[in-house]
Amino acid sequence: MSEDLPKEALKTVLEALCTPATTPDGFDAQADRWREEALMSALPALLARTSAERLRSRLLVHADEQTLAVLAAAGTMTTADLPAVLRHRRV
């Protein structure tokens, strides 16, 4: 969420926040909950800094309906994001 994050690191941060948490033994439910919470709290800031359609789509997949409504009302999410949302949500 920090504005100090270099643009070059943004893609790596997005990838880490969108990838389920695993251990050598498999899926880590507790770490994944923490990852999901971090992603949800950073989502508005990340979307504001991301213009690449593929990366925005990857972020929007994780948002619930209420979050999508808040992002749309704030102008963070635009009509350009609609195809990504509709691929994973019903109208």
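Use the structure listed above.
Rules used throughout
The residue numbering used here restarts from 1 in each chain and proceeds along that chain's sequence as written. Residue-level local features of this predicted model are given only where pLDDT is at least 70; pairs of side-chain atoms are given and counted only at 80 or more, and the full residue set underlies all totals for whole chains, interfaces and linings. Hydrogen atoms and water are omitted, and side-chain values are computed over all heavy atoms in the structure. The numbering of helices and of strands both runs from the N terminus, where a helix is a DSSP run of H or I of at least 4 residues and a strand a run of E of at least 2. Taken over C-alpha atoms, the radius of gyration is set against a globule rule of 2.2 Å times the number of residues to the power 0.38. Burial here depends on accessible area, computed with a 1.4 Å probe over protein chains only, as a share of the maximum for the residue type. Under 20% is buried, over 50% is exposed, and the range in between is partly exposed. The contact definition used throughout considers only heavy atoms, calling two residues in contact when any of these lie within 4.5 Å. A residue counts as positive if it is Lys or Arg and as negative if it is Asp or Glu; His and the chain ends are not included. The location of each charge is read from NZ of Lys, CZ of Arg, CG of Asp or CD of Glu. For helices, the fitted axis covers only the stretch in contact; all axes are lines through C-alpha atoms, and the angles between them, taken along N-to-C directions, range from 0 to 180 degrees. Between 65 and 115 degrees an angle is taken as roughly perpendicular, under 35 as roughly parallel, over 145 as roughly antiparallel, and anywhere else as oblique. Working rule for handedness: look at the near helix, and if it is turned counterclockwise from the far one by less than a right angle, call the crossing left-handed; if clockwise, right-handed. Under this grouping Gly is polar, as are all residues other than the nonpolar Ala, Val, Leu, Ile, Met, Phe, Trp, Tyr, Cys and Pro and the charged Asp, Glu, Lys and Arg. Throughout this description, the term nonpolar core refers to a set of buried Ala, Val, Leu, Ile, Met, Phe, Trp, Tyr and Cys residues connected via side-chain atoms within 4.5 Å. Here a salt bridge means any side-chain nitrogen of Lys or Arg lying within 4 Å of a carboxyl oxygen belonging to Asp or Glu.

S.K.: Tell me about the overall build of the chain, residues and numbers included.
M.R.: Each helix and strand in the chain was counted, giving 5 helices and 2 strands. When the elements of the chain are put in sequence order from the N terminus, they spell out α-β-β-α-α-α-α. For the chain, the C-alpha radius of gyration of 13 Å lies close to 12 Å, the compact-globule estimate for 91 residues. On the principal axes, the C-alpha backbone points of the chain span a range of 40 × 35 × 20 Å. Here the chain, with 91 residues, has 29% of them falling under the buried criterion. Contacts in the chain between residues at least 24 apart in sequence constitute 49% of all its contacts with a sequence separation of at least 6. For the chain, the separation between the mean place of its 11 positive charges and that of its 13 negative charges on side chains is 6 Å.

S.K.: Break down the packing of helix H1 (residues 7-18) against helix H3 (residues 53-60) for me, citing the residues and quoting the values.
M.R.: Two elements in contact, H1 and H3, have axes whose closest approach is 10 Å; the angle formed by their N-to-C orientations is 30 degrees. Of the possible angle classes, the one that applies to H1 and H3 is roughly parallel. Crossing of H1 against H3: the hand is left-handed. For the pair H1 and H3, contact is made by Lys11, Leu14, Glu15 and Cys18 and by Arg54, Leu55, Arg58 and Leu59, respectively. Residue composition of the contact of H1 with H3, by class: 4 nonpolar, no polar and 4 charged.

S.K.: Quick rundown of the environment of Arg56? Include the residues and the values.
M.R.: With respect to the helices and strands, the residue Arg56 is situated in helix H3. Along the backbone, Arg56 and Lys11 are 45 residues apart, and their C-alpha atoms lie at a distance of 11 Å. Residues in contact with Arg56, not counting those within four places in the same chain, are Leu47, Thr50, Ser51, Thr76, Met77, Thr78 and Asp81.

S.K.: Kindly report on the nonpolar core, identifying the contributing residues and their values.
M.R.: Formed by 17 residues in total, the largest nonpolar core has its most connected members in Leu46, Leu59 and Leu60. Those elements that provide at least two residues to this core are H1, helix H2 (29-49), H3 and helix H4 (65-74). Residue contacts for Leu46: discarding those within four places in its chain leaves Leu10, Leu14, Leu17, Leu39 and Leu59.

S.K.: So, the pattern of salt bridges: which residues are in play, and what are the values?
M.R.: When their charged atoms lie close together, side chains carrying opposite charge are able to pair. In the structure shown here, the tally under the stated rule is 5 salt bridges. The partner of Arg35 in a salt bridge is Asp32, and the shortest N-O contact between them spans 2.8 Å. Placement of the pair is Arg35 and Asp32 together in helix H2, with a separation of 3 residues, close to one helical turn. Here Arg35 matches Asp32 in class, with each residue buried. Relative accessible area serves as the criterion here: at 11%, Arg35 is assigned to the buried category. Residues joined by salt bridges that share partners form a network here, namely Asp32, Arg35 and Glu36.

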